[in-house]
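Descriptive structure summary
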Amino acid sequence: YFGPRLTELSDAAAEAIASYRGRIWFAGLSAMSLGVAKALAELRHHLFLPGLKELPAETAQALARHRNDLSLDGLVRLSQDAAVALAKFEGDLFLGSLAELTEPAAAAIAGHRGELSLGGLGGVTDAVAMALAKHQGLVLLYSHTKISAVAANAIAMSNYRILKQGGRLTEMLH
């Protein structure tokens, strides 16, 4: 546990921390080098990186090698390239601050096989819903306010779950 006061991490420090056997939470870490990402991927427990707002594809590729759950709940956008990299990640993936998800990024992240938590999305377009319906694992959506009949059908026919946490489903359009 390294709370919000840690705002920078050197490659050497990350390599030393990689042998730690507990959960790691880096709330204050808003950016990281590729070397830090590679070192942190070696951790054996849940890795919390809520301070990251953006994720370059090469950093996503390094973090995808992590062998436990990965929380990137600070990301506000996810590029298609980063989504392609994260699709290779085998643990549960938490992307709780994404306000929107493009169809190409949704199609890419649908290749991920663990639980996929998208708690911050304010809505899902039909194209995104159809792309996410191909996800093999559980997809958690928390704060949708409106979805179309097409999106509702995609949700009903797949492994989606809408949870009333951090918001509520107020209208399902038919």
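For the structure, see preceding data.
This section reports on the structure supplied with the text. (Residues numbered from 1 in each chain as written. Predicted model: local features only at pLDDT ≥ 70, side-chain atom pairs only at ≥ 80, totals over all residues. Heavy atoms only, no water.)

1. Regarding the nonpolar core
- Counting residues in each nonpolar core, the largest one holds 52 residues, and the members touching the most others are Leu40, Leu49, Leu72, Leu78, Leu101 and Leu118.
- In this structure, Leu49 is in contact with Phe26, Leu29, Met32, Leu40, Leu63, Leu70, Ser71, Leu72 and Asp73, ignoring residues within four places of it in sequence. (Core = buried A, V, L, I, M, F, W, Y, C linked by side-chain atoms within 4.5 Å. Buried < 20%, exposed > 50% of the residue type's maximum accessible area, 1.4 Å probe, protein only. Contact = heavy atoms within 4.5 Å.)

2. Notes on the pattern of salt bridges
- Under the counting rule described, the total for this entry stands at 2 salt bridges.
- Between Arg67 and Glu42 there is a salt bridge, with the nearest N and O atoms lying 3.1 Å from each other. Here Arg67 is found in the loop between α3 (57-63) and β3 (70-71), whereas its partner Glu42 is found in the loop between α2 (34-40) and β2 (47-48), with 25 residues between them in sequence.
- The exposure class assigned to Glu42 is partly exposed, which follows from its relative accessible area of 40%. (Salt bridge = Lys/Arg side-chain N within 4 Å of Asp/Glu carboxyl O. Helix = DSSP H or I, 4+ residues; strand = E, 2+ residues; numbered from the N terminus.)

3. Considerations on helix α7 (residues 149-156)
- Inspection of α7 places Ala151, Ala152, Ala154 and Ile155 among the buried residues, and these make up the whole buried set. The arc that holds the buried residues of α7, viewed along the axis, is 160°, so those residues lie on one side. (Arc of directions from axis to C-beta.)

4. So, the side chain of Thr59
- If you trace the backbone, Thr59 turns up in helix α3.
- Since its relative accessible area comes to 5%, Thr59 is described here as buried.
- Once residues lying within four places of it in the same chain are set aside, the contact partners of Thr59 are Met32, Leu34 and Ala37.

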